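What the coordinates show
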Amino acid sequence: MFPYSVLDLAVVTEGSNAKEAIERSRELAVHAENLGYNRFWMAEHHNMEHIASSATSVLLGHMAEATSSIRIGSGGIMLPNHSPYIIAEHFGTLATMYPDRIDLGLGRAPGTDQTTAHAIRPDRMREVYNFPKNVELLQKYLSADNSDSKVRAFPGEGTEVPLWVLGSSTDSAHLAAKLGLPYAFASHFAPQQLLEAIRIYREEFKPSAQLDEPYVMAGINVIAADTTEQAEYLATSTKQMFVGVITGERKPLPPPVDDINRVLPFQHQMALKQMLAYSFVGDKKKIRENLKHFMDQTNVDELITASYIFDHQERLKSHTLFSELMESIKAEAI
């Protein structure tokens, strides 16, 4: 049965605030659980006016408390920003409170600009280099095998929180394969190396105590509506937001516009076309046709969807329509 999940950033919309964004994320987590989504992940970002998920582990507890079965996790925690020991305590605490429901996805990017990255941790570049070693150290802190160590994580030890390696290049594929960990690729904004990264990961994968066989989850953007025209209209908010990523002008998510050509220069639209190549926008029929090609091409084990939609009710509806689509695909496969 093909699982599908949600990636959320607690995006602040124009005219709104961080508190409202967080509560909308919580409502989305409950909605996703009721629809049968497999995971609800949140990602660490900093110094971004339009994203309220900087204190990721705190928000994950808020989401887990509101739900009962959906897996809650990070997509991801930027490990070079943190001490592996502290992350073991944070996620060990979450796993103690919400057993068998917590995932820990790990990335090595800063999740921000370089100036802010330096403010977070002046020696961060050294920790980027140490990322593979720190992933293994974190895994050790969370295992029962660490009981004889002088440094132990309480809560955390013995929780065996499943780790994931996140990435947007082939470097992460080599590491995930070497450690025998599941692999999540950020193809929703960095699609260029997806196919090569998957190939490397599957060819080099070594079984581990956590995972017997390769497991790949790919990120996609999904904006579903009753009509393709409505979905394309809603998607203009996403396009405006990602131009802000390109230009460094990161503001709250703007409302959709009738004509994207009037607000975005042609060169930005070309850059967006490459960045958002794995975006599925339309009614259920159109998304299904395009998604089938993607699934056949990549043979991924799971999809994780990002949906940047200005109107919260439209966002909930988009997730509903996508769930209906995926369930119909499952039914046909039985």
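Refer to the preceding data block for the structure.
Residues numbered from 1 in each chain as written. Predicted model: local features only at pLDDT ≥ 70, side-chain atom pairs only at ≥ 80, totals over all residues. Heavy atoms only, no water.

Taken as a whole, this structure holds one cavity of 30 Å³ or more when the rule is applied. One number sums up the size of the largest cavity: a volume of about 80 Å³. Along its surface, the largest cavity is lined by V11, T13, R24, L253, S307, Y308, I309, F310, H312 and R315. Residues belonging to the lining of the largest cavity are distributed by class as follows: five nonpolar, three polar and two charged. (1 Å grid on protein atoms, 1.4 Å probe; cavity = no way out; pocket = protein on both sides within 12 Å on 5 of 7 lines; lining within 4 Å. Points joined across faces, edges and corners; volume = space filled by probe spheres on them. Nonpolar A, V, L, I, M, F, W, Y, C, P; charged D, E, K, R; others polar.)

Here the focus is the nonpolar core. Ranked by size, the top nonpolar core spans 73 residues in total, and within it L104, L291, F294, L303 and F322 carry the most contacts. Within the second largest apolar cluster, 23 residues are counted, among which are L7, W41, M217 and I304. (Core = buried A, V, L, I, M, F, W, Y, C linked by side-chain atoms within 4.5 Å. Buried < 20%, exposed > 50% of the residue type's maximum accessible area, 1.4 Å probe, protein only.)

Another point: the layout of surface pockets. To find leftover empty space, a probe the size of one water molecule is rolled over the atoms. In this structure, the largest pocket occupies an estimated 890 Å³ of space. The wall of the largest pocket is formed by 37 residues, among which H45, A109, A186, H188 and F189 lie closest to the centre. Taken together, the elements giving at least two residues each to the lining of the largest pocket come down to β3 (71-78), β5 (163-167), α7 (170-179), β6 (183-185) and α9 (228-247). Taken together, the residues of the lining of the largest pocket break down into 20 nonpolar, 13 polar and four charged. (Helix = DSSP H or I, 4+ residues; strand = E, 2+ residues; numbered from the N terminus.)

Take I304: it is sitting in strand β9 (residues 302-306). Residue I304 is classed as buried on the basis of its relative accessible area of 7%. A C-alpha to C-alpha distance of 8.7 Å links I304 and W41, two positions 263 residues apart in sequence. Contacts of I304, omitting those with residues within four sequence positions, involve S5, V6, L7, W41, M217, A218, G219 and I220. (Contact = heavy atoms within 4.5 Å.)

The next subject is the pattern of salt bridges. Any two side chains of opposite charge can pair, given that their charged atoms come close. A complete count under the given rule lists 19 salt bridges for this structure. With a shortest N-O distance of 3.0 Å, R121 and D123 are connected by a salt bridge. The class of D123 is partly exposed, set by a relative accessible area of 28%. Linking R126 and D123 is a salt bridge whose minimum nitrogen-to-oxygen distance equals 2.6 Å. Each of R39, R71, D103 and E302 takes part in salt bridges that share partners, so that together they form one network. (Salt bridge = Lys/Arg side-chain N within 4 Å of Asp/Glu carboxyl O.)

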